[in-house]
Amino acid sequence: GSINNINIKNSFSDGLDADFSDIAIDKINILSSGNDCVDLSYGKYDLNKLNLNNCGDKALSVGEKSSLNLNEIVAENSNFGVVSKDSSTVKLNNAYLKNLKICVSAYNKKQEFSGGFLKIKNIDCKNYTEKKDIDVKSSIIIENEL
């Protein structure tokens, strides 16, 4: 399916949690989420623009054999910016990340899966503790740092 706009404010746990989906979404705006702002699992996702602010844990979490094509993410004030884990693939054109503990991360969490794959064409990350967090089963490719 496809959705034009999603706007979420002050969610108790995950802002948007989409599992087992094959979906395209044009714009997602999430302000203040108790846990992850966007959590995607077991699906195929095509997203255009994400604006995520004040996420309790991860701005964008992609896991459990998911595939994500994302044009642009703006993420601020979270623990993690973009995470790919557990046999997931994330292809991202433009990432604008600010005020994070970790900008991008790829790892294996659950033993029945392998690591995560993250490919970013352009990234601008400001005011962070650690730029990349990666384990031996995973891969992060950054083509251009702005």
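Now for a description of the structure that goes with this document.

About the thresholds
Residues numbered from 1 in each chain as written. Predicted model: local features only at pLDDT ≥ 70, side-chain atom pairs only at ≥ 80, totals over all residues. Heavy atoms only, no water. Helix = DSSP H or I, 4+ residues; strand = E, 2+ residues; numbered from the N terminus. Buried < 20%, exposed > 50% of the residue type's maximum accessible area, 1.4 Å probe, protein only. Contact = heavy atoms within 4.5 Å. Areas by Shrake-Rupley, 256 points an atom, 1.4 Å probe, with all protein chains shown as cover. Lys, Arg positive; Asp, Glu negative; His and termini not counted. Charge placed at Lys NZ, Arg CZ, Asp CG, Glu CD. Salt bridge = Lys/Arg side-chain N within 4 Å of Asp/Glu carboxyl O. Disulfide = S-S within 2.5 Å.

1. Details of the overall build of the chain
Right, on to step 1. Scanning the chain from N- to C-terminus turns up 0 helices and 10 strands.
Right, on to step 2. Of the regular secondary structure in the chain, the N- to C-terminal order runs β-β-β-β-β-β-β-β-β-β.
Right, on to step 3. Across its three principal axes, the chain shows a C-alpha extent of roughly 35 × 35 × 25 Å.
Right, on to step 4. Within the chain, the proportion of its 146 residues that are buried is 49%.
Right, on to step 5. Within the chain, contacts between residues separated by at least 24 positions form 30% of all contacts whose residues are at least 6 apart in sequence.
Right, on to step 6. About 7000 Å² of surface is accessible on the chain, with carbon and sulfur atoms providing 43% of the total.
Right, on to step 7. Looking at the chain, you have 18 positive and 20 negative side-chain charges, and the mean spots of the two groups are 3 Å apart.

2. Describing the pattern of salt bridges
Between side chains of opposite charge, a pair can form as their charged atoms come close.
Right, on to step 1. Tallying each qualifying case throughout the model produces 7 salt bridges.
Right, on to step 2. When the shortest N-O distance is used, the salt bridge between Lys49 and Glu72 registers 3.3 Å. Of this pair, Lys49 sits in strand β5 (residues 44-55) while Glu72 sits in strand β7 (residues 67-85), placing them 23 residues apart in sequence.
Right, on to step 3. Judged by its relative accessible area of 35%, Lys49 falls in the partly exposed class.
Right, on to step 4. Residue Glu72 is classed as buried on the basis of its relative accessible area, which comes to 17%.
Right, on to step 5. A salt bridge links Glu143 to Lys119; its shortest N-O distance comes to 3.6 Å.

3. Describing the state of the cysteines
Right, on to step 1. Under the defined criterion, the tally for this structure stands at 2 disulfides.
Right, on to step 2. Across the disulfide from Cys103 sits Cys125; the S-S distance is 1.8 Å. Between Cys103 and Cys125 the sulfur-sulfur dihedral comes to about -80°; the bridge is accordingly left-handed. Here the residue Cys103 occupies a position in strand β8 (residues 89-107), and Cys125 occupies one in strand β9 (residues 117-134), the gap between them amounting to 22 residues.
Right, on to step 3. With a relative accessible area of 12%, Cys125 lands in the buried category.
Right, on to step 4. Numbered by order of appearance in the sequence, the disulfide-linked cysteines of the chain pair as 1-2, 3-4.

4. Remarks on the environment of Val38
Right, on to step 1. Topologically, Val38 is positioned in strand β4 (residues 38-41).
Right, on to step 2. Separated by 44 residues in sequence, Val38 and Val82 have C-alpha atoms that sit 9.8 Å apart.
Right, on to step 3. Residue contacts for Val38: discarding those within four places in its chain leaves Leu16, Ile28, Ile30, Leu52, Ala59, Leu60 and Ser61.

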